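Listed below are the residues making up each chain.
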Amino acid sequence: MKVNFKANEDNVKILGRTKVIGDIRYIDYSCSGIEFEFVGTSVSVALCTDKSKLEEALKAWVAVFIDDDEEPSKRFSLDSEEGIYSLYEGSTSRKVKIRLIKMSEAAFAKVGIKEIIVEGEVGITPTRCKTRGIEFIGDSITCGYGIEGVCGVDDFNTTQENPWEAYAAKTARYFNADFNCISWSGIGIISSWTDKDVPNTEEWLMPELYKYTDGGLDEKLGKSQYEIWDNHKFEPQLIVINLGTNDASYTKGIKERVQVFEDEYYKFLNQVRGCNPNSQIICALGAMGQDLCPAVTNAVRRFKNLTDDAKIHTCFFDVQLESDGIGSDSHPSLKTQDKMSKKLIWKIEEVMGWQ
């Protein structure tokens, strides 16, 4: 029997920050998506994407995972504005777990789930939430930008993005934790990436983007009011902030600019803490340069002293090595991302006592 379902919370587990418009659930952030179980022989999904983003370089990509496999069974791009895509087909009816996640990032093409089509015996059910939850706040490094490309050889395109193998998702899997990634390429605290001598504030900055469920989608749709994220929907025990790489393209070691970054980073910590009063926070940086690590250290120290908050820490990654490979546009390779994950795992074990 073929039955159609909507991607609502009665039917699926929601992964990451997603936004519902009408009956369509948009899964725009890296590794956001849905997970569910069903008994049957096949499942397909009706997906939609931006008509303007069908060019090869910026297409939306998704991945499908079957049961508890850590490697995707399928990974494909959305080649038309709307389409129906097969997620699983089996020869006999059985219980199947399906995870569908976004592989390309929110800064590029959007992905909406219109409906889930199941050939099965009964309905679909959400999988259970895990006991641990981590929120990652970051930039292109967290998105897995260029992780499968080669610096100086490949021009970046979304084919090369793989957040599933980036440090954030790898770390969450190690601890068997649910996780959200609020990440956007080029984003910073006081300046997005710039090649000019002025801060780039025309693009998203994280203190603004962090407020919203999906600010990029609301902006694209020309909304006059953006939907504020409800922090009760995901209350992580741990938050990892990995920001500052793009700010360094503007601060350039200039004392006054670095001080502005430090002050605004401190304000962002207040913002994050206000939304997550009980979470431990780890402030990370360094894989693409450690220029602003001292400023992060100072902001964290000041925050701890002035607020008497003991639940905030630092973790600085080693700068990537050419011998480990460099990804597209000088971004961390798979090997570097793995090293980052290992260092962060060690820090989380120390902070959280997780094994």
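Overview of the structure.

With respect to the overall build of the chain
Piece 1. Along its length, the chain carries 8 helices and 14 strands.
Piece 2. Its C-alpha atoms give the chain a radius of gyration of 20 Å, within 12% of the compact-globule value 20 Å for 355 residues.
Piece 3. When the backbone C-alpha atoms are referred to their principal axes, the chain occupies close to 65 × 45 × 40 Å.
Piece 4. Out of the 355 residues belonging to the chain, those deemed buried represent 57%.
Piece 5. In the form shown here, the chain has an accessible surface area of approximately 15,100 Å², with 48% of it arising from carbon and sulfur atoms.
Piece 6. Measuring between centres, the 42 positive side-chain charges of the chain sit 3 Å from its 56 negative side-chain charges.

Points about the pattern of salt bridges
Piece 1. All chains considered together, the criterion is met by 28 salt bridges.
Piece 2. Measuring nitrogen to oxygen at the nearest pair gives 3.3 Å for the salt bridge that ties D50 to K220. Of this pair, D50 sits in the loop between β5 (33-49) and β6 (61-66) while K220 sits in helix α4 (residues 215-220); the two residues are 170 residues apart in sequence, bridging distant segments of the chain.
Piece 3. Overall, D50 belongs to the buried group, its relative accessible area being 5%.
Piece 4. Owing to a relative accessible area of 44%, K220 belongs among the partly exposed residues under this scheme.
Piece 5. The closest approach of N and O atoms between K114 and E82, which form a salt bridge, is 3.0 Å. Of this pair, K114 sits in strand β9 (residues 111-126) while E82 is found in strand β8 (residues 82-102), placing the two residues 32 residues apart along the sequence.
Piece 6. Connected through salt bridges with shared partners, the residues E70, E165, K170, R173, D338 and K342 form a single ionic network.

Quick look at the layout of surface pockets
Piece 1. Approximately 910 Å³ is the volume found for the largest pocket.
Piece 2. Taken together, the elements giving at least two residues each to the lining of the largest pocket come down to β2 (13-15), β3 (19-21), β5, β8, α2 (167-174) and β11 (178-183).
Piece 3. Here the residues of the lining of the largest pocket sort into 14 nonpolar, 8 polar and 19 charged.
Piece 4. Quantified by volume, the second largest pocket comes out at close to 460 Å³.
Piece 5. Lining of the second largest pocket is provided by 23 residues; of these, S140, G186, W193, N246 and H331 occupy positions nearest its centre.
Piece 6. Taken together, the residues of the lining of the second largest pocket break down into 7 nonpolar, 13 polar and 3 charged.

Here we look at the packing of α2 against helix α8 (residues 334-352)
Piece 1. The N-to-C vectors of α2 and α8 enclose an angle of 45°; their axes lie 8 Å apart at closest approach. Looking at the two axes, α2 sits oblique to α8. Where α2 crosses over α8, the two elements pack in a sense that is right-handed. Touching Y167, K170, T171 and Y174 of α2 are Q337, D338, M340, S341, L344, I345, I348 and E349, all from α8.
Piece 2. Of the residues in the contact of α2 with α8, the class split is 6 nonpolar, 3 polar and 3 charged.

Observations regarding the sheet that holds strand β12 (residues 238-242)
Piece 1. Read from one edge of the open sheet, 5 strands run β11-β10-β12-β13-β14, paired in parallel fashion. Each edge of the open sheet is held by one strand with a lone partner, namely β11 and β14 (312-316). On average, adjacent strands in this sheet sit at an angle of 20° to one another, irrespective of strand direction.
Piece 2. Direction of pairing for strand β13 (residues 280-285) relative to β14: parallel, over a ladder of 5 bridges. From the neighbouring strand, A284 faces β14, where its bridge partner is C315.
Piece 3. In the packing of helix α6 (residues 255-275) onto the sheet, the strands contacted are β10 (133-138), β12, β13 and β14, and the crossing angle to β12 comes to about 155°.
Piece 4. Contacting β13 and β14, helix α7 (residues 293-307) crosses the sheet at an angle of about 170° to β14.

Basis of the calculations
- Residues numbered from 1 in each chain as written.
- Predicted model: local features only at pLDDT ≥ 70, side-chain atom pairs only at ≥ 80, totals over all residues.
- Heavy atoms only, no water.
- Helix = DSSP H or I, 4+ residues; strand = E, 2+ residues; numbered from the N terminus.
- Rg over C-alpha atoms; globule rule 2.2 N^0.38 Å.
- Buried < 20%, exposed > 50% of the residue type's maximum accessible area, 1.4 Å probe, protein only.
- Areas by Shrake-Rupley, 256 points an atom, 1.4 Å probe, with all protein chains shown as cover.
- Lys, Arg positive; Asp, Glu negative; His and termini not counted.
- Charge placed at Lys NZ, Arg CZ, Asp CG, Glu CD.
- Salt bridge = Lys/Arg side-chain N within 4 Å of Asp/Glu carboxyl O.
- 1 Å grid on protein atoms, 1.4 Å probe; cavity = no way out; pocket = protein on both sides within 12 Å on 5 of 7 lines; lining within 4 Å.
- Points joined across faces, edges and corners; volume = space filled by probe spheres on them.
- Nonpolar A, V, L, I, M, F, W, Y, C, P; charged D, E, K, R; others polar.
- Axes fitted to C-alpha atoms, helices over the stretch in contact; angles between N-to-C directions.
- Parallel < 35°, antiparallel > 145°, perpendicular 65-115°, else oblique.
- Left-handed = near helix turned anticlockwise from the far one by under 90°.
- Contact = heavy atoms within 4.5 Å.
- Pairing = 2+ DSSP bridges.

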